[in-house]
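Here is how the chains run, residue by residue.
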Amino acid sequence: MVTRKLSGKQFTVWLLAGLTAIAALGYFAGNLAVKRVDDQFYAKETLAVELASQSVREALRLPASQLYSVVNLEPRMLQALNSRDGNLSEIENAFITLLLRNPNYAQVRWISEDGMEIVRVDQKRPGVVRAKEADALQDKSRRPYVQQGLQLQKDQLYVSPLDLNMENGEIQIPYMPVVRMALRAYGNDGRPRGLIVLNIAAGPMLDQVRNYSATENIMLLNAEGYWLKSANPADEWGFMLGNTATMGTRHPRAWQKINTSASGYAETQSGLWTWQTIEASENHLSVAHNLELKLVAQVSRENLTGARLKALAPILITIAATAVFYAVALYRLMREMANRRYAEQQANQANKAKGAFLATMSHEIRTPMTGILGFADMLLEDDLADDSKKKVGRIKGAAQALLRILNDILDISKLDAGKFEIEKIPFRPDILANEVVQMFYQTCPPDKKDTLQITAKVSRSFPEVVCADPTRLRQVLVNLMGNAVKFSDRGSVTLVCDHNKARRQLEFEIIDTGIGMDEDMLNRLFQEFEQADATTSRKYHGTGLGLAICKKLVERMGGDIRARSTPGMGSAFWFSVPYDTATTADLPSEETSAPTVDANQLALSILVAEDNEINQMIIQNALKKLGHKATIAESGKEALRLMEEPNDFDLILMDVRMPEMSGPEATRRIRALPGTKGIIPIIALTADVMEENKSAYFEAGMNDCVGKPINQAELASAINKAACEISI
């Protein structure tokens, strides 16, 4: 083994470069982890604040609405207000009814235009309501809410600040938070009749705020920043109890943001803050004097830092372990330079393999499948004994079954990864359904031809043209019809096509008289790799992926799929898919280009770039049957060399994955050749048929793409299309 000792300077440079890259990756991953934590806090706190704000707004809206109803809609109240002397008992009854509507309504009063109480009804505790005697009524003319309330116009609402109730000039004990709402009453003559004031006990509303937070981190502030509800009760009602601490003095940066914005989310040194501004409102009233509350949720700096460190811990450990591993690996690589180069290549190949897993699996399985199916077709063309033909036919059938399994695995992987795109194309659904039925009628196994009837029933209301995804719809129908035919030896398989005009849905039902299923199997039916039992898998083959794919496709198209079954009697699968309306005018028009040329009538000189010897033989045989001459190039590099020489090729069939030079790279270089050589038609012939990779082939300059295993009809069609371009 060749070794070479590098200098300490070289080792240091490589080590620093590697550690810098690891640190950058760690920084990026750490930012993502922190952002994820912050997003979780944002979602949780925003929801808590929104729900709590809605609760407070509703607690303020409801009394305003009921006060409006009493003053403007209550017949007894209107009659009393418009009578000359006023029926006070009717007003008392109206007030009693109002208080009994809500146990949080503490008091309602009718105050005259000079500030004297006319009627007062109190609710000392829920359901205990009593009107004050005339000698207990008080003069309220000096109270701010009365003075401001008597300035109200019709349908203007006064809402007092949220504070503690006072009796005889002192704060009521125990504390009773209260909000006062006032409406000025007017008679039919338009003259004011005094003020109706409703006192609402706000304690339950404040207690309800705390229920929307899982932690003690939600608070309610007034416009000056004093706490009305806090995690620390000692902070509450400071403006009435002589406590000068406010949100502004304790958290000035946070309060500056909260006080200058109606709602928001911000981070300061004291933590994360989420807030909304709350005001009273009612649809029928304009609020002339309103309260302003700030509902705020805080995630403390300690909790925020702890959550971020918890999220960063595994990343830091991983980065540290990666750095140590890198240093050890680098030390060994410096001692064994030859192995270093090989290891780098292996690492690069491993990274590429991770990114192209599905494409690689498809290519590696399809390549031998091309050989198996190709030689099977060649053997079937030979003069074989009937028994030998049956054996070859079984080989071909087994290979096709394996190919279907591969396609199912790729489909389910793409569906899970969200890479399946649903199209919207105008088409005729009745023709599509009949084509599917006709296909199974023609390919029905010989032993079922005389015992199994395959039919379609299309409703008269079935739309002529719709806009949906015909490819995915056909895939679902073929899968369900295939299962029905496979599990039915005699009787019938019927495809029923109907349509729900109200919901704009196509409805399909596949009914068979096959082996059926029990209730337990129906509950597991659409899960991946599920079949009725082990004997079903052995007798009828399959992976159990088909129905899972059908379910995912139908749901991706916006539909629904269900099944019912009776063991020994048969099964019925029903599904629906939505559609957009379309007309025959929306259907794609048939191309009226130059007359087509049958490539079978032209002897083309075709350059085949293919590194697999088996595939070379199969392609040569296929081209020979079509009457063409084939020249083999075993790599993209050799294909480029032959094109640079004075050869007169009409067409190139180009494999994609080849040694020395890939098909796309060879195509790009051929396109750079001068004259007609640079515009020769090139058809990709590849086992890598992933849609995202096909676009790369076309970007490289290829004209068409034919997948492996090779379908001779598809290959002939692609060559015929190219022949048309050659003849023009």
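Predicted, not measured: the structure shown is a model, and the values here were computed from it.

About the thresholds
Residues numbered from 1 in each chain as written. Predicted model: local features only at pLDDT ≥ 70, side-chain atom pairs only at ≥ 80, totals over all residues. Heavy atoms only, no water. Axes fitted to C-alpha atoms, helices over the stretch in contact; angles between N-to-C directions. Helix = DSSP H or I, 4+ residues; strand = E, 2+ residues; numbered from the N terminus. Parallel < 35°, antiparallel > 145°, perpendicular 65-115°, else oblique. Contact = heavy atoms within 4.5 Å. Nonpolar A, V, L, I, M, F, W, Y, C, P; charged D, E, K, R; others polar. Pairing = 2+ DSSP bridges. Phe/Tyr/Trp six-rings, centres within 6.5 Å; stacked < 30°, edge-to-face > 60°. Buried < 20%, exposed > 50% of the residue type's maximum accessible area, 1.4 Å probe, protein only. Lys NZ or Arg CZ within 6 Å of the ring centre and 35° of its normal. Left-handed = near helix turned anticlockwise from the far one by under 90°.

*Asks:* How would you explain the packing of helix 1 (residues 8-72) against helix 2 (residues 75-82) if you had to name every residue and give the values?
*Replies:* Direction vectors running N to C along helix 1 and helix 2 enclose 50°, while the axes themselves pass 6 Å from each other. The angle between helix 1 and helix 2 falls in the class oblique. Contacts between helix 1 and helix 2 pair Val70, Val71 and Asn72 from the former with Met77, Leu78 and Leu81 from the latter. When its residues are assigned to classes, the contact of helix 1 with helix 2 shows five nonpolar, one polar and no charged.

*Asks:* Run through the sheet that holds strand 25 (residues 629-633), naming residues and quoting values.
*Replies:* Read across the sheet, five strands follow the order 25-24-26-27-28 without closing on themselves; strand pairing throughout is parallel. Each edge of the sheet is formed by a strand with only one pairing partner; in this case those strands are strand 25 and strand 28 (704-707). Averaged over neighbouring strand pairs, the angle between their axes works out to 25° when direction is ignored. Across the sheet, helix 18 (residues 613-625) touches strand 24 (605-609), strand 25, strand 26 (651-654) and strand 27 (682-686), and the angle it forms with strand 25 is around 160°.

*Asks:* Let's hear about the packing of aromatic side chains: which residues, and what values?
*Replies:* Inspection of the entire model under this criterion finds five aromatic pairs. Taking the centre distance of 4.6 Å and the plane angle of 80° together, the rings of Tyr42 and Tyr265 count as edge-to-face. Of this pair, Tyr42 sits in helix 1 while Tyr265 sits in strand 12 (residues 263-268); the two residues are 223 residues apart in sequence, bridging distant segments of the chain. For Tyr42, a relative accessible area of 40% puts it in the partly exposed group. One aromatic cluster is present, formed by Tyr226, Trp237 and Phe239 through successive ring pairs. We note Lys449 situated over the ring of Tyr441; from NZ or CZ to the ring centre the distance is 5.4 Å.

*Asks:* So what about the packing of helix 14 (residues 470-486) against helix 17 (residues 546-556)? Which residues, and what values?
*Replies:* Between helix 14 and helix 17, whose axes approach to 10 Å, the crossing angle comes to 150°. Classed by the angle they form, the pair helix 14 and helix 17 counts as roughly antiparallel. Relative to helix 17, helix 14 is oriented so that their crossing is left-handed. Contact with helix 14, carried on its side by Arg472, Gln475, Val476, Asn479, Leu480 and Asn483, involves Gly546, Leu547, Ile549, Cys550, Leu553 and Val554 of helix 17 and no other residues of that element. For the contact of helix 14 with helix 17, the per-class residue count stands at seven nonpolar, four polar and one charged.

*Asks:* Just give me the short version of the sheet that holds strand 18 (residues 466-468), but keep the residues and values in it.
*Replies:* As summarised here, the arrangement of the three strands in space is 16-18-23, forming an open sheet in which the pairing is antiparallel. Two strands lie at the open edges of the sheet, namely strand 16 (425-427) and strand 23 (580-581), each paired on one side alone.

*Asks:* An account of the environment of Thr566 is needed here, citing residue identities and associated values.
*Replies:* For Thr566, the location among the structural elements is in strand 21 (residues 560-566). For Thr566, a relative accessible area of 42% translates into the label partly exposed. Thr566 sits 49 residues away from Met517 along the chain, and the two C-alpha atoms are 5.7 Å apart. The contacts of Thr566, once residues within four sequence positions are left out, are Ile515, Gly516 and Met517.

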